[in-house]
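Structural description and commentary
The lines below spell out each chain.
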Amino acid sequence: MANYNRIVLVGNLTRDPQYKVVPSNQMPVAEFGLAVNHKYTTKSGESREEVLFIDCTAFGKQAETINKWCRKGRQLLVEGRLKLDTWEDKQGGGKRSKHTVVIDNFQFIGARDDAGGGAGGGGGGGGSGGFDAGDSYDTGRPSAPPAARAPQPQRPPPQAPVEPPFGDEQHYKEDEIPF
């Protein structure tokens, strides 16, 4: 039987990353919380919002980058796998457990100079070798310095469509669209 453990989330950091280095192997670790919102409308037409708080862990260069550029309120896209942590409660409460996301890849969301409030702050400056907003970080690919990157061709602005993309029978409220 095949198994698949993959999760992709977009949310806002609930706290500044907690950065540490594991003494035994000198591995950098960054732990932080991510708040993910889900808006929906009930059958009676009432708008509701559900918020999930998810603990995330990054290792290695990703941990260093997240610690350097991310603060509370920064919006981040993370991709990883779910991991179940279990432990004995020290106050005699028995066994405890929680799920965390172990990050494989991440991407900054929001503008470089935005601060907090959900849009996120500080990417690297032009030519400094830092990350720009929207850059993705994937340990499976070597990254080239900014000077070595090929220039991106200029794309013409998109033209307005001649026909609407949906027929008259499809109407969506803004809060029903999942992104």
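**Let's talk about the overall build of the chain**
- For the chain, the helix and strand inventory stands at one helix and seven strands.
- Its helices and strands in sequence order give the chain the pattern β-β-β-β-α-β-β-β, from N to C terminus.
- Looking at the 179 residues of the chain, the share that counts as buried comes to 25%.
- Of the accessible surface of the chain, which amounts to about 13000 Å², a share of 52% is contributed by carbon and sulfur atoms.

**Details of the nonpolar core**
- In this structure, Leu 9, Phe 32, Leu 34, Leu 76, Val 78 and Ile 103 are the most contacted members of the largest nonpolar core, which totals 20 residues.
- Counting residues per element, the ones that place at least two in this core are strand E1 (7–13), strand E3 (27–41), strand E4 (47–59), helix H1 (60–69), strand E5 (75–88) and strand E6 (95–108).

**What to know about the packing of aromatic side chains**
- Going through the model one piece at a time under the given rule, you end up with one aromatic pair.
- Measuring from ring centre to ring centre gives 5.4 Å for Phe 106 and Phe 108, while their planes differ by 70°; the resulting arrangement is edge-to-face. Across the pair, Phe 108 and Phe 106 agree in class, each one buried.

**What to know about the confidence of the model for the chain**
- Here the chain shows a mean pLDDT of 76. Residues at 70 or above account for 61%.
- Highest mean pLDDT in the chain belongs to E1 (96); lowest belongs to strand E7 (residues 136–138) (49).
- Segment residues 115–148: pLDDT under 50, and 73 contacts once partners within four positions in sequence are set aside and those in other chains are kept.

**Notes on the pairing of E4**
- Bridging between E3 and E4 involves 13 bridges; their strand directions are antiparallel. Directly across from Glu 31, in E4, lies its bridge partner Thr 57.
- Between E3 and E4, which follow one another and run antiparallel, lie five residues, and Gly 45 among them has a positive phi close to 90°.

**Some remarks on the environment of Leu 76**
- When you line up the elements, Leu 76 lands in strand E5.
- Owing to a relative accessible area of 0%, Leu 76 belongs among the buried residues under this scheme.
- On a C-alpha basis, the gap between Leu 76 and Phe 108 in space is 5.0 Å, while along the polypeptide they are 32 residues apart.
- Among all residues touching Leu 76, those that are not within four sequence positions of it are Leu 9, Val 10, Gly 11, Leu 13, Phe 32, Leu 34, Cys 70, Phe 106, Gln 107, Phe 108 and Ile 109.

About the thresholds
Residues numbered from 1 in each chain as written. Predicted model: local features only at pLDDT ≥ 70, side-chain atom pairs only at ≥ 80, totals over all residues. Heavy atoms only, no water. Helix = DSSP H or I, 4+ residues; strand = E, 2+ residues; numbered from the N terminus. Buried < 20%, exposed > 50% of the residue type's maximum accessible area, 1.4 Å probe, protein only. Areas by Shrake-Rupley, 256 points an atom, 1.4 Å probe, with all protein chains shown as cover. Core = buried A, V, L, I, M, F, W, Y, C linked by side-chain atoms within 4.5 Å. Phe/Tyr/Trp six-rings, centres within 6.5 Å; stacked < 30°, edge-to-face > 60°. pLDDT = per-residue confidence, 0-100. Contact = heavy atoms within 4.5 Å. Pairing = 2+ DSSP bridges.

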